[in-house]
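Spelled out, the chains give:
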Amino acid sequence: MTYTAASTNKVTKRVIQPYAFVLYDENLYCVAFCERKQELRTFKIIRIQNVVTTNHLFYLPEEFDIRKQFPQLGFIKAPMKVDLIIETPFSNQVKESIYSDDQIIEELPNNAIRFQATLNGDQSIKKWILGMGAKARVIGPSSLKQEIEKEAHLLLDHYQN
């Protein structure tokens, strides 16, 4: 395949052995063994420019389990325990979904909720929270709260200038 790297925009030719396809944060990825790098790599589908099939056979390693690989794929970082207050209409959507196996949802007045869970991917977490606008408030961790506040100030500056 011909692939454009995200960090450098450099175009390279790769021979890969595709093991799995993953939908993450609204993007489709191919998890594959890269023969050039001799390791498992993650390729964003939209950055693939050209694909040529070959007659070369490969076998999926018996020990390969996409669920175990997920934390090492590169786009998911260390888990983060989040604590949020979420108001309607988003509180209804969150109550109907499973985001984590340790999530706790506490009902609050006016159909709001307190949502606590361990989530992965700090960029995805921030995008999700910012997507709820003023209907979501970060209680913790303080580092996430500060990042959301900083982003809100930058947004405000864009619209005031």
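The structure displayed is predicted, hence computed values, not measured ones.

A. Seen up close, the overall build of the chain. Check the secondary structure of the chain and you find four helices and 10 strands. Beginning at the N terminus, the succession of helices and strands in the chain can be written as β-β-β-β-β-β-α-β-α-β-β-α-β-α. Computed over the C-alpha atoms, the radius of gyration of the chain is 20 Å, more than 25% above the 15 Å expected from 2.2 N^0.38 for a compact globule of 161 residues. Here the C-alpha coordinates of the chain stretch approximately 60 × 45 × 25 Å along the principal axes. By sequence separation, contacts in the chain at least 24 residues apart represent 49% of the contacts at least 6 residues apart. Carbon and sulfur atoms make up 52% of the accessible area of the chain, which totals about 11,100 Å². Treating the 20 positive side-chain charges of the chain as one cloud and the 19 negative ones as another, the clouds have centres 8 Å apart.

B. Structural detail: the sheet that holds strand β6 (residues 48-50). Spatially, three strands are ordered β2-β1-β6 in an open sheet, and the strand pairing comes out antiparallel. The two strands at the open ends of the sheet, each matched to only one other strand, are β2 (11-13) and β6. Ignoring strand direction, the axes of neighbouring strands in this sheet form an average angle of 30 degrees. As judged from the three bridges shared by strand β1 (residues 2-4) and β2, these two strands associate in the antiparallel manner. Bridge pairing in β2 links Tyr3 to Thr12.

C. Highlighting the packing of aromatic side chains. Summed over the entire model, instances satisfying the criterion amount to six aromatic pairs. Judged by centre distance (5.6 Å) and plane angle (80 degrees), the rings of Tyr99 and Phe115 are edge-to-face. Of the two residues, Tyr99 is situated in the loop between α2 (90-95) and β8 (104-107) and Phe115 in strand β9 (residues 113-119); the sequence distance between them amounts to 16 residues. Phe115 gets classed as buried once you look at its relative accessible area, which sits at 0%. Three or more aromatic residues joined by ring pairs form one cluster here, namely Tyr19, Phe58 and Phe64.

D. Here's a closer look at the pattern of salt bridges. Across all of its chains, the model carries five salt bridges by this definition. For Glu39, the salt bridge is made with Arg41, and the minimal N-O distance between the two is 2.6 Å. Arg41 sits in the partly exposed class, given a relative accessible area of 27%. Across the salt bridge formed by Asp102 and Lys81, the nearest N and O atoms sit 3.7 Å from each other. Here Lys81 lies in strand β7 (residues 80-86) and Asp102 lies in the loop between α2 and β8, a separation of 21 residues in the sequence.

E. Main features of helix α3 (residues 122-131). Every buried residue of α3 is listed here: Ser124, Ile125, Lys126 and Ile129. Looking at the buried residues of α3, the elements they touch are β3 (16-24), β7, β9, β10 (136-140) and α4 (142-160).

F. View of the environment of Glu87. Within the secondary structure, Glu87 sits in the loop between β7 and α2. Linking Glu87 and Ile113, residues 26 residues apart in sequence, is a C-alpha distance of 6.5 Å. Contacts of Glu87, omitting those with residues within four sequence positions, involve Ala112 and Lys135.

G. A look at the side chain of Asp83. Looking at where Asp83 falls in the secondary structure, it is placed in strand β7. At a separation of 2.5 Å, a polar atom in the side chain of Asp83 contacts the side chain of Arg114. When residues no more than four places from it in sequence are discounted, the contact partners of Asp83 are Arg114, Phe115, Gln116, Arg137, Val138, Ile139 and Gly140.

Each value, and the rule that gives it
Residues numbered from 1 in each chain as written. Predicted model: local features only at pLDDT ≥ 70, side-chain atom pairs only at ≥ 80, totals over all residues. Heavy atoms only, no water. Helix = DSSP H or I, 4+ residues; strand = E, 2+ residues; numbered from the N terminus. Rg over C-alpha atoms; globule rule 2.2 N^0.38 Å. Contact = heavy atoms within 4.5 Å. Areas by Shrake-Rupley, 256 points an atom, 1.4 Å probe, with all protein chains shown as cover. Lys, Arg positive; Asp, Glu negative; His and termini not counted. Charge placed at Lys NZ, Arg CZ, Asp CG, Glu CD. Pairing = 2+ DSSP bridges. Axes fitted to C-alpha atoms, helices over the stretch in contact; angles between N-to-C directions. Phe/Tyr/Trp six-rings, centres within 6.5 Å; stacked < 30°, edge-to-face > 60°. Buried < 20%, exposed > 50% of the residue type's maximum accessible area, 1.4 Å probe, protein only. Salt bridge = Lys/Arg side-chain N within 4 Å of Asp/Glu carboxyl O. Polar contact = N/O pair within 3.5 Å; in protein donor to acceptor, adjacent residues only side chain to side chain.

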